[in-house]
Amino acid sequence: MLKVDNIHTFYGQIEALKGISIEVNEGEIVTLIGANGAGKSTTLKTISGQLTPAEGTIEFEGESLIGTAAHLVTAKGIVQVPEGRRIFPRMSVLENLEMGAYLRKDKAGVLEDLDRAFELFPRLADRRAQKGGTLSGGEQQMLAMARAMMARPRLLMLDEPSMGLAPVIVDVIFDTIKKLNKEGMTILLVEQNAAMALQTANRGYVLEIGKVALEGPGKELLHNEQVRKTYLGEL
Amino acid sequence: MPLTRVLVGARGSTKAFPLISLEQLEETGETQVSIATIGQQLVNGVTLGGMYALIALGYTLVYGILLMINFAHSEMFMGGAFVGLFAFGWLDNYEFFTGSGFGIALMFLMTFVISGVVIGLLGVLIERVAYRPLRHAPRLAPLISAIGMSIFLQQAVLLWITPRQVPFPNYLPAGSYEIAGISINNIQIMIIGSSIILLIILDTFVSKTRIGKAMRAVSQDREAATLMGVDINRVIAVAFFIGPALGALAGIFSGMYYGSIKFDMGFIPGVKAFTAAVIGGIGNLRGAMVGGFLLGIIEALAAGFLSSGYKDVVAFAILILVLVFKPSGLLGESVVEKV
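Residues numbered from 1 in each chain as written. Chains lettered and ligands numbered in written order. Predicted model: local features only at pLDDT ≥ 70, side-chain atom pairs only at ≥ 80, totals over all residues.

Draft legend 1. Quick look at the confidence of the model for chain B. Residue and element names in this part refer to chain B. Summary statistics for chain B give a mean pLDDT of 88 and a share of 88% for residues scoring 70 or more. Long-range and interchain partners of residues 1–16, a stretch whose pLDDT sits below 50, account for 31 contacts in this model, where long-range means more than four residues apart. Every residue in residues 334–339 is under pLDDT 50, and counting partners more than four places away or in other chains gives five contacts. Among the prediction metrics, the complex's ipTM stands at 0.92, with pTM recorded as 0.86. (pLDDT = per-residue confidence, 0-100. Contact = placed C-beta atoms within 7 Å.)

Here is the structure:
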């Protein structure tokens, strides 16, 4: 479905990605793990068109995404939930969700999906008129995910969804990721919480300073000695 | 023939909206502060405020989206007045428009539309040539470009149209009403009515329509809006159409109110409207509306009760007070700092 081949992305003079290749197949949860600065978020931003790679190819369902503006990548069905959630703070929960459906013309379908979003996260339903900026971190993460789902993505990209959240909420978020995947959603997940991510994902990539250091099925990586030492905090 | 009133003398166009009735008010004696005086200055102030609010919206719309102050915006006000002058002049040739009340109403409507559209498109063009190439430059660069654009537009009108103050036609029947000692004329009624209607339309547009919501989303988080599929350039173009179009209408109102226009007429109202936008909370649309009316009323009261010479002092003193005690403006949202 998504094929990223040997991309190099620069931030000014700094080469953040030094030839990353990853693949996501339909129906999978794929995770990118790694330390700060390994290039996880940069990879997502390059896929979503916010950054342009200097080299390499990105194909989504057989079509090249290189040079496609970010808002057009969204139109093709790749929707990213950005790091830090990035809720519209002075718009209500409902308006935030409507923004998620910005590109859709099927009003009936949008209304249906609104119901589904509130079903998925009942806490949002109670707060539909509340301003996004007044929600708790966990609620904002739920809203960010629900907002992305309103676009009816073909590929959902999540950047650090567990960041700064209480463990109880992290469980809720990961349960939702699994549930969405069971319903057929393809997910590319970037996480610092390597244990949670690898338990949830079908496959994973371990990034180190702009390169793929390891790749394999999630469970396998979870038991890989190097991963356990470096990312799961075992001695 | 249209009734034209020319404002002459030293208090010409370099003064922002000189309050015509002041001298008369002062003659009545400073000790006689009556309810009628307050009421009269309120009417004058709301008229002035409606124009300030219309101009202020242009500053605040652009600031909300691009975080830049469009210093060329005052020239949209001036340009709107000139396009309005030409549109009136052109339509005046047709008896259909001058012959009946309906024709005159239609003439006003067409002049508003022509001026709004021409200046709106000018605004979009200015963004393309003068600001977009500098979008990723340091923040000072587009500001300087905007000042350059402002000077260019003023000089273009000076050289190619006229360096003189020119009379502005008024096709409204010269009517004036008096209620409890407070007089209000047809021009004031039109300015107050039209600006309130325009403000309501804009408010509805931004809160209800798809592109209006996209504008708010972009001003709150540009990156997130892009990820929702919003085309930033389109939103910017819409903001650069609406703001100048509203400013252009304010220019026509000003021309009618004071009876004349000139190439440098935009400067002081531009500064005042910018002040209004800051008082209300720059980036906040309702703030710009409130700030505009508030500034107009304060100025009129200061002119009525102190002296017309003090109105600018009071206006800018209020600006300083707001900046010291509530820097985000009266309706400004406190900025959420990202961790």
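There is more to say, and it comes next.
Draft legend 2. How the structure looks around the pairing of strand β4 (residues 176–179) of chain B. All names here are of chain B. Both β4 and strand β5 (residues 182–185) contribute to a ladder of four bridges, which runs antiparallel. Bridging across to β5, Ile179 finds its partner in Ile182. Between β4 and β5, which follow one another and run antiparallel, lie two residues, and Ala180 among them has a positive phi close to 50°. (Pairing = 2+ DSSP bridges. Helix = DSSP H or I, 4+ residues; strand = E, 2+ residues; numbered from the N terminus.)

Draft legend 3. Up close: the sheet that holds strand β4 (residues 55–60) of chain A. All names here are of chain A. In spatial order, the strands read β2-β1-β4-β5; together these four strands make up an open sheet with antiparallel pairing. Two strands lie at the open edges of the sheet, namely β2 (14–24) and β5 (63–64), each paired on one side alone. Across eight bridges, strand β1 (residues 2–11) lies against β2 in antiparallel orientation. What sits directly across from Tyr11, in β2, is Ile14. Contacts from helix α1 (residues 40–47) reach β1, β2 and β4 within the one sheet, and its direction differs from that of β2 by about 70°. (Axes fitted to C-alpha atoms, helices over the stretch in contact; angles between N-to-C directions.)

Draft legend 4. Quick peek at the interface of chain B and chain A. Contact with chain B, which involves 17 residues of that partner, is made by 22 residues of chain A. Elements with a contribution of two residues or more to the side of chain B that touches chain A: α8 (210–220) and α9 (222–227) of chain B. In terms of residue count, the dominant contributor to the side of chain B that touches chain A is α8 of chain B (five residues). For the side of chain B that touches chain A, a count of residues per class yields seven nonpolar, three polar and seven charged. (Nonpolar A, V, L, I, M, F, W, Y, C, P; charged D, E, K, R; others polar.)

Draft legend 5. Structural context of the sheet that holds strand β9 (residues 203–208) of chain A. Residue and element names in this part refer to chain A. Spatial ordering of the open sheet is given by β6-β7-β8-β3-β9-β10, a layout of six strands whose pairing is mixed. Because the sheet does not close on itself, it has two edges, and the strands there are β6 (78–81) and β10 (211–217). Strand-to-strand, the axes of this sheet are offset by a mean angle of 15°, without reference to chain direction. In this structure, β9 lies alongside β10, joined through six bridges in antiparallel fashion. When the bridges of β10 are listed, Val206 appears paired with Leu214. Across the sheet, α1 lies against β3 (29–34), β6, β7 (155–159), β8 (186–191) and β9, angled at about 145° from β7, the strand it touches most.

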